[in-house]
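Commentary on secondary and tertiary structure
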Amino acid sequence: EVQLVESGGGLVQAGGSLRLSCAASGFTFDDYAMGWFRQAPGKEREVVSCISGDDGSTLYADSVKGRFTVSSDNAKNTVFLQMNSLKPEDTAIYYCATADDYYACFVADFGSWGQGTQVTVSS
């Protein structure tokens, strides 16, 4: 059974940093793509970043490029999202998810999701 557990969310002031973690189990980590997504109140879920289990290549939403960095520790089946220079508009529930296409990076591609972790950025 695939399980994804996010952690690391919290309340931070604008300009601050947070590091999210997603611990994965129940599948071979490097056979999949992993993605970070977020959903703000009243808005649709959107992609933040994806990392390929094949070659570690990464993709980022334009809104987070240069501020967020995705990485993975395949030995520990964990993917991270380092978030720097946070803005109030980054406030959302952040989810990690997995897809069986190495290079997937659309919400519809991802079939297994964690429960989410709240990130709140105050101005």
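Residues numbered from 1 in each chain as written. Predicted model: local features only at pLDDT ≥ 70, side-chain atom pairs only at ≥ 80, totals over all residues. Heavy atoms only, no water.

Re the pattern of salt bridges
What counts, and what does not: We define a salt bridge as a contact between a side-chain nitrogen of Lys or Arg and a carboxyl oxygen of Asp or Glu at a distance within 4 Å. We call a residue buried when its accessible area falls under 20% of the maximum for its residue type, exposed when it is over 50%, and partly exposed in between, using a 1.4 Å probe and counting protein chains only.
On inspection of all chains with the given rule, the structure shows 4 salt bridges. We note a salt bridge from Arg38 to Glu46, for which the minimum N-O separation is 2.7 Å. Look at Arg38 and you get buried, because its relative accessible area is 6%. Taken together, the salt bridges that share partners define one network made up of Arg38, Glu46, Arg67 and Asp90.

Structural notes on the sheet that holds strand 8 (residues 78-83)
For clarity, the cut-off: What makes two strands pair is DSSP finding at least two bridges between them. Each helix corresponds to a stretch of at least 4 residues labelled H or I by DSSP, and each strand to a stretch of at least 2 residues labelled E; elements are numbered beginning at the N terminus. Between N-to-C directions, angles span 0 to 180 degrees; the directions come from axes that are lines fitted to C-alpha atoms, helices contributing only their stretch in contact.
Reading across from one edge, 1-3-8-7 is the order of the 4 strands in this open sheet, with antiparallel pairing throughout. Two strands close off the open sheet at either side, each with one partner strand: strand 1 (3-7) and strand 7 (68-73). Taken pair by pair, the neighbouring strands of this sheet meet at an average axis angle of 15 degrees, ignoring direction. Strand direction decides the pairing type here: strand 3 (residues 18-25) and strand 8, joined by 6 bridges, are antiparallel. Following the sheet pairing, Arg19 is matched in strand 8 by Gln82.

Focus on the state of the cysteines
Note the cut-off: Pairs of cysteine sulfur atoms within 2.5 Å are what we label disulfides.
Taken as a whole and judged by the stated rule, the model has 2 disulfides. Here Cys22 pairs with Cys96 through a disulfide, and the sulfurs are 1.9 Å apart. Judged by the sign of its S-S torsion, about 50 degrees, the bond between Cys22 and Cys96 is right-handed. You can see Cys22 sitting in strand 3 and its partner Cys96 sitting in strand 9 (residues 92-99), a full 74 residues away along the chain.

Examining the packing of aromatic side chains
Worth spelling out the cut-off: Between rings of Phe, Tyr and Trp, where Trp is taken as its six-membered ring, a pair exists when centres lie within 6.5 Å; planes separated by under 30 degrees are stacked, by over 60 edge-to-face, and by other angles tilted. Here, a charge over a ring means that NZ of Lys or CZ of Arg falls within 6 Å of the ring centre while also lying within 35 degrees of the ring normal.
Applying the stated criterion across every chain, the model contains 5 aromatic pairs. Ring centres 5.0 Å apart and planes at 75 degrees place the aromatic pair Phe27 and Tyr32 in the edge-to-face group. Overall, Tyr32 belongs to the partly exposed group, its relative accessible area being 25%. Geometrically, the ring pair formed by Tyr102 and Tyr103 is edge-to-face, given 6.2 Å between the ring centres and 70 degrees between the ring planes. Three or more aromatic residues joined by ring pairs form one cluster here, namely Phe37, Tyr95, Phe110 and Trp113. The ring of Phe80 is capped by Arg19, whose NZ or CZ atom sits 4.0 Å from the centre of that ring. A cation over a ring is seen here: Arg45 above Trp113, with NZ or CZ 4.6 Å from the ring centre.

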